[in-house]
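These are the residues of each chain, in order.
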Amino acid sequence: MHSRFESILTGLAEGTVVPYLGPGALAGVIDPQSGRAIPADSDSLILAINDGRPMAPKLMYEFSRAAMNVELKRGRSALTRLLDATYRDTAWSASALHTWLAGKNLPYVVDSNRDTLLQKAYADKPHILIVGVARIAGTAYRFRLYQYDGTTYTPIEQEAVNTSLPVLFKPLGTPLPESDYIASDADFVDYVTELMGGFAIPSFVKRMRQGRQYVLLGLRLTRDTERMVMSDIAFGAGQPTGWALIPNATDKEKRFLAKRGFEWIDADVADFLAAAQIWQSGGTGRAEAA
């Protein structure tokens, strides 16, 4: 096995490495009835909220721009309904990566997708859920906190959190237990601003994340939004910051990763799972990576 995968897997087992999931983590997830792949990346999400049809080229540039257009023309409730139909009301197949992660009893996982598959993989495990929110009044914070007892999510205050439980952080939202999404340009402007100001991450996570490393799984870094959100969530990381599994990374991605202290690995989620299987079995095979 490649030594870099060994370092990642050892760190995950020790709780010092945090998985950070992007759209590629959902590779292979389908609607069993239709065979349709789950919308995950920008283009597929735009098609999902527009009845499968492309939008104008300027809106196809990025999902947040298309979502802003829907919100302005049809209202926020319409955008929420479209995302609910995609992520709450469709019975997607299970994900091998989410199932594997849930089986490791990791202390902290960041999932930048809006689906519920990670939560479903943890459905038999009590845990803490952090959900990113934007443009809400009456609070200085940009998150909602829930404790899951193995059956039900219950809202909870920061001071009451049981920090011994696994923490699932969904910065861009989820429909479970309530529909909250970071989706439109306006959402991202508010959310990233509050991330930078420290108001979008609970205090117990700020303490817990100090010195930890990250492994980016399925996350491309070609867009400013992905880069800004990830950078602020990983603030206070160890040295080096961690590893990024990105097949055929662009020069722009490589420069960004080097600047942020990540080591680039030319591999994808399937390579990671193959390496994990070898590592768990104590094998000496070599995982395919750059």
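Remember, predicted model here, so these are calculated numbers, not experimental data. (Residues numbered from 1 in each chain as written. Predicted model: local features only at pLDDT ≥ 70, side-chain atom pairs only at ≥ 80, totals over all residues. Heavy atoms only, no water.)

Novice: Pulling in residues and values, what's your account of helix α8 (residues 185-197)?
Specialist: Between its first and last C-alpha, α8 extends 18 Å over 13 residues, near the 18 Å set by a 1.5 Å rise per residue. Where α8 is concerned, the buried positions are Asp-187, Phe-188, Asp-190, Tyr-191, Val-192, Glu-194 and Leu-195. Looking at the buried residues of α8, the elements they touch are α4 (63-74), α5 (76-87), β3 (127-132), β6 (167-170), β8 (180-181) and α10 (224-233). (Helix = DSSP H or I, 4+ residues; strand = E, 2+ residues; numbered from the N terminus. Expected span 1.5 Å × (residues − 1). Buried < 20%, exposed > 50% of the residue type's maximum accessible area, 1.4 Å probe, protein only. Contact = heavy atoms within 4.5 Å.)

Novice: Which residues make up the sheet that holds strand β4 (residues 143-148), and what values do they have?
Specialist: Judged by pairing direction, the sheet is mixed, and its 9 strands sit side by side in the order β5-β4-β3-β6-β2-β1-β9-β10-β11 without closing on themselves. Of all the strands in the sheet, just β5 (153-155) and β11 (262-265) have a single pairing partner and so form its edges. For this sheet, the mean inter-axis angle between neighbouring strands, taken without regard to orientation, is 20°. Relative to β6, β3 runs parallel, the two sharing 4 bridges. Directly across from Leu-129, in β6, lies its bridge partner Leu-168. On the sheet, helix α11 (residues 251-260) packs against β9 (213-217), β10 (242-245) and β11 and is oriented at approximately 145° with respect to β11. (Pairing = 2+ DSSP bridges. Axes fitted to C-alpha atoms, helices over the stretch in contact; angles between N-to-C directions.)

Novice: An account of the pattern of salt bridges is requested, with residue identities and associated values reported.
Specialist: Tallied over the full model, the rule gives 13 salt bridges. For Arg-88, the salt bridge goes to Asp-84, with nearest N and O atoms at 3.4 Å. Put simply, Asp-224 and Arg-227 hold a salt bridge, and the shortest N to O gap is 2.2 Å. Separated by 3 residues within a single helix, Asp-224 and Arg-227 lie in helix α10, roughly one turn from each other. Asp-224 gets classed as partly exposed once you look at its relative accessible area, which sits at 48%. Residue classification places Arg-227 among the buried residues on the basis of a relative accessible area of 9%. (Salt bridge = Lys/Arg side-chain N within 4 Å of Asp/Glu carboxyl O.)

Novice: Talk me through the pairing of β9; I want residue IDs and the actual numbers.
Specialist: One face of the sheet, then the other: side chains in a regular strand alternate in exactly this way. Extensive coverage of β9 is indicated by the burial of 5 of its 5 residues. Residues Gln-213, Val-215 and Leu-217 of β9 are buried on one face, and the alternating residues Tyr-214 and Leu-216, pointing to the opposite face, are buried as well. With 5 bridges joining them, strand β1 (residues 17-21) and β9 adopt parallel strand pairing. Looking across to β9, one finds that Val-18 is bridged to Tyr-214. In the sheet, β9 pairs with β10 via 4 bridges, with the strands oriented parallel. Bridging from a neighbouring strand, Leu-216 pairs with Ala-244 of β10.

Novice: Lay out the nonpolar core in plain terms, naming residues and giving numbers.
Specialist: Membership of the largest hydrophobic core comes to 40 residues, with the highest contact counts inside it found for Tyr-108, Leu-216, Met-230 and Ile-233. At 4 residues, α8 tops the list of elements feeding residues into this core. Setting aside residues no more than four positions away along its own chain, Ile-233 makes contact with Tyr-20, Tyr-108, Val-110, Phe-169, Pro-171, Leu-195, Ile-201, Arg-209 and Tyr-214. Membership of the second largest hydrophobic core comes to 31 residues, among which are Ile-8, Val-17, Val-109 and Leu-217. (Core = buried A, V, L, I, M, F, W, Y, C linked by side-chain atoms within 4.5 Å.)

Novice: Describe the packing of aromatic side chains, naming the residues involved and giving the relevant values.
Specialist: Applying the stated criterion to the full structure yields 4 aromatic pairs. Ring centres 6.2 Å apart and planes at 70° place the aromatic pair Tyr-146 and Tyr-153 in the edge-to-face group. The buried category is assigned to Tyr-146, whose relative accessible area is 3%. The interplanar angle of 45° and the centroid separation of 4.8 Å between the aromatic rings of Tyr-148 and Tyr-153 together place this pair among those described as tilted. The burial state of Tyr-148 is the same as that of Tyr-153; both residues are buried. Ring-pair connections join several aromatic residues into one group, and the members of that group are Tyr-146, Tyr-148 and Tyr-153. The ring of Tyr-61 has Arg-223 lying over it, and the distance from NZ or CZ to the ring centre is 4.4 Å. (Phe/Tyr/Trp six-rings, centres within 6.5 Å; stacked < 30°, edge-to-face > 60°. Lys NZ or Arg CZ within 6 Å of the ring centre and 35° of its normal.)

Novice: Quick one: what's the story with the layout of surface pockets, residue by residue and with numbers?
Specialist: Empty space within the largest pocket amounts to approximately 640 Å³. Pro-23, Ala-40, Asp-41, Ser-42 and Glu-226 are, among the 32 residues lining the largest pocket, the residues nearest its centre. Looking at the lining of the largest pocket, the elements that each hand over two or more residues are α2 (42-48), α4 and α10. Here the lining of the largest pocket gets 4 residues from one element, more than from any other, and that element is α2. Looking at the lining of the largest pocket residue by residue, the class counts come to 15 nonpolar, 10 polar and 7 charged. (1 Å grid on protein atoms, 1.4 Å probe; cavity = no way out; pocket = protein on both sides within 12 Å on 5 of 7 lines; lining within 4 Å. Points joined across faces, edges and corners; volume = space filled by probe spheres on them. Nonpolar A, V, L, I, M, F, W, Y, C, P; charged D, E, K, R; others polar.)

Read these as spatial facts, not as claims about activity.
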